[in-house]
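The primary structure of each chain is shown beneath.
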Amino acid sequence: MNIEHIENRARSGVLAVRWSDGSEHAFTHADLRAACPCSGCRALRLAGVAIEAPDTLRLTVIEPAGTNALNLGFSDGHARGIYPFAMLANLAAALC
Ligand SMILES: [Zn+2]
């Protein structure tokens, strides 16, 4: 699924995404940080280590990564995660 529109609500810590089928999902910045798909965070999750993602955490970087992924960076300085649209769609379904 493609992303048609992204709106970052920095104050409330929400990234609202509209998909190509017209549906929308509002991710909290903390949920996105906790789901970071970079190799380091994947290794932590596999080891059973919870990733620290307090509600006060904010997105600081939102950049396209190719044509079907986003590079997201956070206020804790972590900016290694490339979030494919398909992964975000799965995350949205899991959080619903
Ligand atoms: Zn990560």
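Residues numbered from 1 in each chain as written. Predicted model: local features only at pLDDT ≥ 70, side-chain atom pairs only at ≥ 80, totals over all residues. Heavy atoms only, no water.

By the naming in an unreviewed UniProt entry, the protein chain goes by DUF971 domain-containing protein and is assigned to Pseudoduganella lutea.

A. Quick look at the pairing of strand S4 (residues 59–64). Of the strand pairs in this sheet, S4 and strand S5 (residues 69–74) are connected by five bridges, and their pairing is antiparallel. Following the sheet pairing, valine 61 is matched in S5 by glycine 73. Hairpin remark: S4 followed by S5, antiparallel, with four residues in the connecting loop; positive phi at glycine 66, about 70°. (Pairing = 2+ DSSP bridges. Helix = DSSP H or I, 4+ residues; strand = E, 2+ residues; numbered from the N terminus.)

B. Representation of the coordination of the zinc ion. With distances of 2.1 to 2.3 Å, the protein atoms coordinating the zinc ion are Cys36 (SG), Cys38 (SG), Cys41 (SG) and His78 (NE2). Given four donor atoms and angles of 103 to 115° at the metal, the environment of the zinc ion is assigned as tetrahedral. Binding-site remark: the zinc ion is held by donors from one chain whose sequence spacing is C-x1-C-x2-C-x36-H. With cysteine 36 in the loop between helix H1 (29–34) and helix H2 (39–46) and histidine 78 in the loop between S5 and strand S6 (81–84), this residue pair connects regions lying 42 residues apart in the sequence. The same class applies to cysteine 36 and to histidine 78, which are both buried. (Donors = N, O, S within 2.8 Å, 3.2 Å for Na, K, Ca; no water. Tetrahedral: all angles 85-135°; square planar, octahedral: opposite > 155°, others 65-115°. Buried < 20%, exposed > 50% of the residue type's maximum accessible area, 1.4 Å probe, protein only.)

C. Focus on the nonpolar core. Of all hydrophobic cores here, the largest spans 21 residues; its most connected members are Ile3, Phe27, Leu32, Leu72, Phe74, Tyr83 and Leu88. Broken down by secondary-structure element, the contributors of at least two residues to this core are strand S2 (14–19), S5 and helix H3 (85–95). The element contributing the most residues to this core is H3, with four residues. Not counting the four nearest positions on each side in its chain, leucine 88 is found in contact with Ile3, Trp19, Phe27, Leu32, Leu70 and Tyr83. (Core = buried A, V, L, I, M, F, W, Y, C linked by side-chain atoms within 4.5 Å. Contact = heavy atoms within 4.5 Å.)

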